[in-house]
Amino acid sequence: MDSIQASDSIIHFNEPSYALLNKYVNGGNFSKIFVLVDTNTHTYCLANFLERLETDLSIEIIEIEAGEIHKTIDTCVGVWNALSDLDADRKSLMINVGGGVVTDLGGFAACTFKRGISYLNIPTTLLSMVDASVGGKTGVDLGHLKNQIGVISAPDIIIIDTNYLDTLPKSQMRSGLAEMLKHGLISDENYWNKFKDLKSLNLKDLDQLIYESILIKKHVVDIDPFEQNLRKTLNYGHTLGHAIESYFLSKPDKIDLLHGEAIAIGMVLASYISTKLTGFPEAVNNEIKILFKGFYGHVEILESEYADIIELLKYDKKNEHGNINFVLLEAIGKPKIDCLVDDNIIIDAFKFYNS
Ligand code: NAD
Ligand code: ZN
């Protein structure tokens, strides 16, 4: 496992990464460094990162509150103000140390401050390592609507240091795992098969799988950075997954579902829908349900709730011209984009999930 070189960003993996990071930081004619953290990555990750960063440049720390509710333009204004107060100029370098909230918001703040300063990502959650920090999508939420404001602009470097995962809560590990499973389902049967033998979420089992997951995401976004076709396949499980996520968030009596836990259900539903519309094999669909329930358990969704969840599909950002577009599977590794799905099949999919 070493560096993954691609069109816009260079992704460095584990141990040799910091030497390459230091070379980049010190060779880039930068004036000053700004490290963005949230309250948790300040506690758990910052000291480790600063120990490895070797430079004579001055370093300022900017901290934001942790959590999706703080991925807002107000928080971003706070970051812009901090940069301005601390005399950031166009040669300043922003380093985002955190999960997807920090890399999304920090990337957006950097891309827009003084029309754009250089930035790099040090993802510290599993989800941000295999997904959020790779691909150049940056941005903030607008009220309850996710990622409505943003730009696509890739960081110069991404450092993947899986040691940061030591302090990550298990539920957050499971959430990130869902995106890795998705990468297998949409692009590589061999990769998918490796999860059947995964015994735990320990790092020694996961390191190689994380590396391969990043390669898959990188491959997809390099071919289609602006989501015209292939990148849409990364939305597998997300159409219903997002609706389930929003529904559970809006109901105080429902359990808290993290993003990955919701799209895990979305992927089981999409696999069932695939058996009805693309000829996806039923045996594989059953295997997917068993594997996902093994990792995520069963989440109760009542029959009386199906209609409300389906209603939420209307708000999906990926809809075009009023159509709800699903990504389905023809086979593992063979996704089909822009599929229209009847509500009755979605209801049958919920029943299958519950059975
Ligand atoms: P997050 O950034 O909120 O991190 C989850 C929690 O873990 C937070 O409380 C955080 O403070 C904490 N944390 C982070 N690293 C830690 C560590 N090493 N030890 C202990 N705690 C730690 O959430 P996330 O799941 O990383 O990312 C979700 C965000 O990513 C969403 O806003 C989503 O929209 C975005 N996203 C973006 C893309 C993209 O392409 N840009 C793709 C997928 C998701
Ligand atoms: Zn996702």
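Reading the values: rules and limits
Residues numbered from 1 in each chain as written. Chains lettered and ligands numbered in written order. Predicted model: local features only at pLDDT ≥ 70, side-chain atom pairs only at ≥ 80, totals over all residues. Heavy atoms only, no water. Helix = DSSP H or I, 4+ residues; strand = E, 2+ residues; numbered from the N terminus. Expected span 1.5 Å × (residues − 1). Buried < 20%, exposed > 50% of the residue type's maximum accessible area, 1.4 Å probe, protein only. Phe/Tyr/Trp six-rings, centres within 6.5 Å; stacked < 30°, edge-to-face > 60°. Lys NZ or Arg CZ within 6 Å of the ring centre and 35° of its normal. Donors = N, O, S within 2.8 Å, 3.2 Å for Na, K, Ca; no water. Near = heavy atom within 4 Å. Polar contact = N/O pair within 3.5 Å; in protein donor to acceptor, adjacent residues only side chain to side chain. Areas by Shrake-Rupley, 256 points an atom, 1.4 Å probe, with all protein chains shown as cover. Nonpolar A, V, L, I, M, F, W, Y, C, P; charged D, E, K, R; others polar. Domains from an automatic or database assignment. Buried area = accessible area lost by both parts, 1.4 Å probe. Salt bridge = Lys/Arg side-chain N within 4 Å of Asp/Glu carboxyl O. UniProt positions renumbered as here; feature names shortened; annotations may be inferred. Contact = heavy atoms within 4.5 Å. Patch = residues over 30% accessible without salt bridge, like charges linked within 9 Å, V, L, I, M, F, W, Y side chains within 5 Å. Axes fitted to C-alpha atoms, helices over the stretch in contact; angles between N-to-C directions. Parallel < 35°, antiparallel > 145°, perpendicular 65-115°, else oblique. Left-handed = near helix turned anticlockwise from the far one by under 90°.

Compared with an ideal rise of 1.5 Å per residue, which puts 18 residues at 26 Å, helix α7 (residues 170–187) spans 26 Å between its outermost C-alpha atoms and is within 8% of the ideal. Of all 18 residues in α7, 13 are buried, a share of seventy percent or more.

Remark: the centre distance and the inter-plane angle together describe each pair of aromatic rings, the angle taken between the planes. Tallied over the entire structure, the rule returns ten aromatic pairs. With a centroid separation of 5.5 Å and 50 degrees between ring planes, the pair formed by Tyr-24 and Phe-30 is classed as tilted. When sorted by exposure, Tyr-24 lands in the same class as Phe-30, which is buried. Ring centres of Tyr-247 and Phe-248 lie 6.2 Å apart, and the angle between their planes is 70 degrees; this geometry places the pair in the edge-to-face category. By relative accessible area, which is 4% here, Phe-248 ends up buried. Taken together, the ring pairs in this structure connect Trp-192, Phe-292, Phe-295 and Tyr-296 into an aromatic cluster. Of note, Arg-52 hangs over the ring of Tyr-18, and the distance from its end group to the ring centre comes to 5.6 Å. We note Lys-293 situated over the ring of Tyr-353; from NZ or CZ to the ring centre the distance is 4.4 Å.

The next thing to look at is the coordination of the zinc ion (ligand 2). The coordination sphere of the zinc ion (ligand 2), as far as protein atoms go, consists of Glu-179 (OE), His-238 (NE2) and His-259 (NE2), spread over 2.0 to 2.1 Å. When the donor residues of the zinc ion (ligand 2) are listed from N- to C-terminus, their spacing reads E-x58-H-x20-H. With Glu-179 in helix α7 and His-238 in helix α10 (residues 238–250), the pair connects residues that are 59 residues apart, well separated along the chain. Like Glu-179, the residue His-238 is buried in the burial classification.

This paragraph deals with the site of ligand 1. Around ligand 1, the structure places 25 residues, and the nearest of them are Asp-38, Glu-68, Thr-124, Thr-125 and Thr-167. Here Glu-68 contributes a side-chain N or O atom positioned 2.5 Å from an oxygen atom of ligand 1. Look at ligand 1: alone it shows 860 Å² of surface, and the protein chains cover 88% of it. Among the secondary structure elements, those contributing two or more residues to the shell around ligand 1 are α2 (39–44), α5 (100–112), α6 (126–132) and β8 (145–152). The residue makeup of the shell around ligand 1, split by class, is eight nonpolar, nine polar and eight charged.

Here we come to the domain arrangement of the chain. Reports of interface size often rely on the accessible area that becomes lost once the parts have come together. By domain assignment, the chain separates into domain 1 (4–167) and domain 2 (170–354). One C-alpha centre belongs to domain 1, the other to domain 2; they are set 27 Å apart. Between domain 1 and domain 2 the total buried area reaches about 2200 Å² when both faces are included, carbon and sulfur atoms providing 68% of it. The tally of links from domain 1 across to domain 2 stands at three salt bridges. Here Lys-182 ties to Asp-131 by a salt bridge, and the two come within 4.0 Å at their closest N and O atoms.

Our focus in this paragraph is the UniProt feature "domain: 3-dehydroquinate synthase N-terminal" (unreviewed entry) in the chain. On the UniProt side, "domain: 3-dehydroquinate synthase N-terminal" (unreviewed entry) is annotated at positions that read residues 62–174 here. Annotation note: span residues 62–174, helix share 34%, strand share 30%, distance between end C-alpha atoms 28 Å.

Turning our eyes to something else, we now look at helix α12 (residues 282–296). Over its 15 residues, α12 extends 21 Å from the first C-alpha to the last, a length consistent with the 21 Å expected when each residue adds 1.5 Å. Listed in full, the buried residues belonging to α12 are Val-284, Asn-285, Ile-288, Lys-289, Leu-291, Phe-292, Phe-295 and Tyr-296. Buried residues belonging to α12 abut α7, α8 (189–194), α11 (259–277) and α14 (343–354). Looking one or two residues beyond α12, the residue adopting positive phi is Gly-297, at roughly 70 degrees.

Right, let's talk about a nonpolar patch on the surface for a bit. Where nonpolar side chains cluster on the molecular surface, the patch consists of Ile-73, Val-77, Leu-142, Leu-145 and Ile-149 and spans about 370 Å² of accessible area. Among the secondary structure elements, those contributing two or more residues to the nonpolar patch are α4 (73–85) and β8. For Ile-73, the location among the structural elements is in helix α4.

With that settled, the discussion passes to the packing of α7 against α12. The contact between α7 and α12 brings their axes to 11 Å, and the two run at 165 degrees. In terms of their interaxial angle, α7 and α12 are classed as roughly antiparallel. Regarding α7 and α12, the two cross each other, and that crossing is right-handed. Of the residues in α12, those touching α7 at Arg-174, Leu-177, Ala-178, Leu-181 and Leu-185 are Ile-288, Leu-291, Phe-292, Phe-295 and Tyr-296. Residues belonging to the contact of α7 with α12 are distributed by class as follows: nine nonpolar, no polar and one charged.

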